[in-house]
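Spelled out, the chains give:
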Amino acid sequence: MSEDAFIVSPTRKHTGTIIFLHGLGENGENWKLVLSKMVKPNVKVICLNAKKIPLTLNKGFPTAAWFDLASLDENKLEDETSIMRAVENLHDIIDEEIAASKVSATKTMLAGFSQGGALAMYAALTYHKRLAAVIAMSSWPVLRHTLPDAAVSNTNIPMLQCHGTEDPVIYYKWGLILADALKEMNPKYEFKSYEGLMHAVNDQELQDVKTFINKIFP
């Protein structure tokens, strides 16, 4: 795990875990720095690193990505095999972390930015155990044609979705499509938008994320 992640270790008794997935072409290092300033000393943060894969969107150039992506157009076909492989891999990572740390699924939060947030959300809805919460930032609904039928669990846990209104990469309207799907299935779902924000985070969003995390892990 340590080779594939940047980790914030708890400095007090470990009672909560956040597994975070970065965006396309990134790694977990910057997110480790950001999240380390948000969490209480009892919380462990695992900022996973995606492997470099030949990305169709980048003309086959190896890019750090959770799954292959041919287009950012929501009407184009998705690589369902690649997405489901990533989902299953994330489920295995959650299982391994729970087994190793003895901190239960109900004390484990999934979170991510962009492609990482899209994967985190779908993985949460298809995971076999109840989780603590989910955060998706600047994300879109992967495999939305399978929802809500694929959502076997975690449709009643706290969820926070954040999106900038001027995002030129993952359009705000795609965030709203995800919001509509989640709103219908989850009474504990919350959506926050940020006027003028592009494909990034700002201070207000980071404050909202911090507030949400500390509500889940007081």
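Here we summarise the structure given alongside this text. Note that the structure is a prediction, hence the values are computed from the model and not measured.

## Let's talk about the overall build of the protein
Next up, step 1: The helix and strand inventory of the protein stands at five helices and nine strands.
Next up, step 2: Walking the protein from its N terminus toward its C terminus, one meets helices and strands in the order β-β-α-β-β-β-α-β-α-β-β-α-β-α.
Next up, step 3: When its C-alpha atoms are laid out on the principal axes, the protein stretches across 45 × 35 × 35 Å.
Next up, step 4: Considering the protein as a whole, with its 218 residues, one finds that 51% of them fall into the buried category.

## Observations regarding the pairing of strand β9 (residues 189–194)
Next up, step 1: Where strand β8 (residues 159–164) and β9 come together, six bridges link them in parallel fashion. If you follow Cys 162 over to β9, its bridge partner there is Lys 192.
Next up, step 2: Regarding the hand of the β-α-β motif, the stretch spanning β8, helix α4 (residues 172–185) and β9 is right-handed.

## Here's the deal with the side chain of Ser 153
Next up, step 1: Structurally, the position occupied by Ser 153 is in the loop between β7 (133–137) and β8.
Next up, step 2: Within polar-contact distance, the side chain of Ser 153 engages the side chain of Asn 154 at 3.4 Å.
Next up, step 3: Once residues within four sequence positions are removed from consideration, Ser 153 is found in contact with Ala 124, Leu 125, Tyr 127, His 128 and Lys 129.

## Section: the pairing of strand β5 (residues 61–64)
Next up, step 1: Summarising the sheet, strand β4 (residues 52–55) and β5 pair through four bridges and their orientation is antiparallel. Bridging across to β5, Ile 53 finds its partner in Thr 63.
Next up, step 2: Between β4 and the antiparallel strand that follows it, β5, lie five residues; Lys 59 among them carries a positive phi value of about 55 degrees.

## Observations concerning the environment of Ser 104
Next up, step 1: By the secondary structure assignment, Ser 104 is in the loop between α2 (80–101) and β6 (108–113).
Next up, step 2: Each C-alpha atom of the pair Ser 104 and Ala 70 lies 36 Å from the other, and the pair is 34 residues apart in sequence.

## Description of the sheet that holds β7
Next up, step 1: One open sheet accounts for seven strands, arranged β1-β3-β2-β6-β7-β8-β9; its pairing is mixed. Looking at the sheet topology across the chains shown, the edges are occupied by β1 (5–8) and β9. On average, each strand axis in the sheet is inclined to that of its neighbour by 15 degrees, with strand direction left out of account.
Next up, step 2: Examined bridge by bridge, strand β2 (residues 16–21) and strand β3 (residues 43–48) share six bridges and lie parallel to one another. Paired with Ile 19 across the two strands is Ile 46, which belongs to β3.

## Considerations on the environment of Gly 60
Next up, step 1: Of note, Gly 60 is situated in the loop between β4 and β5.
Next up, step 2: Relative accessible area serves as the criterion here: at 35%, Gly 60 is assigned to the partly exposed category.
Next up, step 3: Beyond its immediate chain neighbours, meaning those up to four positions away, Gly 60 contacts Pro 54 and Leu 55.

## Some thoughts on unusual backbone geometry
Next up, step 1: In this chain, Leu 147 is followed by Pro 148 through a cis amide linkage whose omega measures 5 degrees.
Next up, step 2: You can see Pro 148 is positioned in the loop between β7 and β8.
Next up, step 3: One non-glycine residue, Ser 114, adopts positive backbone phi at about 60 degrees.
Next up, step 4: Mapping Ser 114 onto the fold places it in the loop between β6 and α3 (115–126).
Next up, step 5: Of note, the phi angle at Ser 138 is positive, near 50 degrees, even though the residue is not glycine.

Basis of the calculations
For every chain, the first residue of its written sequence is number 1, and the numbers climb from 1 along that sequence. Reporting in this predicted model follows two pLDDT cut-offs: at least 70 for local features of residues, and 80 or more for side-chain atom pairs to be given and counted; totals over whole chains, interfaces and linings ignore these cut-offs and use all residues. Excluding hydrogens and water, the side-chain values take into account all heavy atoms of the structure. The numbering of helices and of strands both runs from the N terminus, where a helix is a DSSP run of H or I of at least 4 residues and a strand a run of E of at least 2. The cut-offs for exposure are 20% and 50% of the maximum accessible area for each residue type, with area from a 1.4 Å probe on protein chains only; residues under the lower value are buried, those over the upper are exposed, and the others partly exposed. Two strands are counted as paired when DSSP detects at least two bridges linking them. Looking down the strands as they point away from the viewer, one classifies a crossover as right-handed if the path from the first strand across the helix to the second runs clockwise. By the criterion applied in these results, polar contacts are pairs of N or O atoms within 3.5 Å in which, for protein atoms, one can donate a hydrogen and the other can accept it, and in which residues neighboring in sequence qualify only through two side-chain atoms. Any two residues whose heavy atoms approach within 4.5 Å at even a single point are treated as in contact. Only the stretch in contact is used when fitting a helix axis, every axis being a line fitted to C-alpha atoms; angles between N-to-C directions are given from 0 to 180 degrees.

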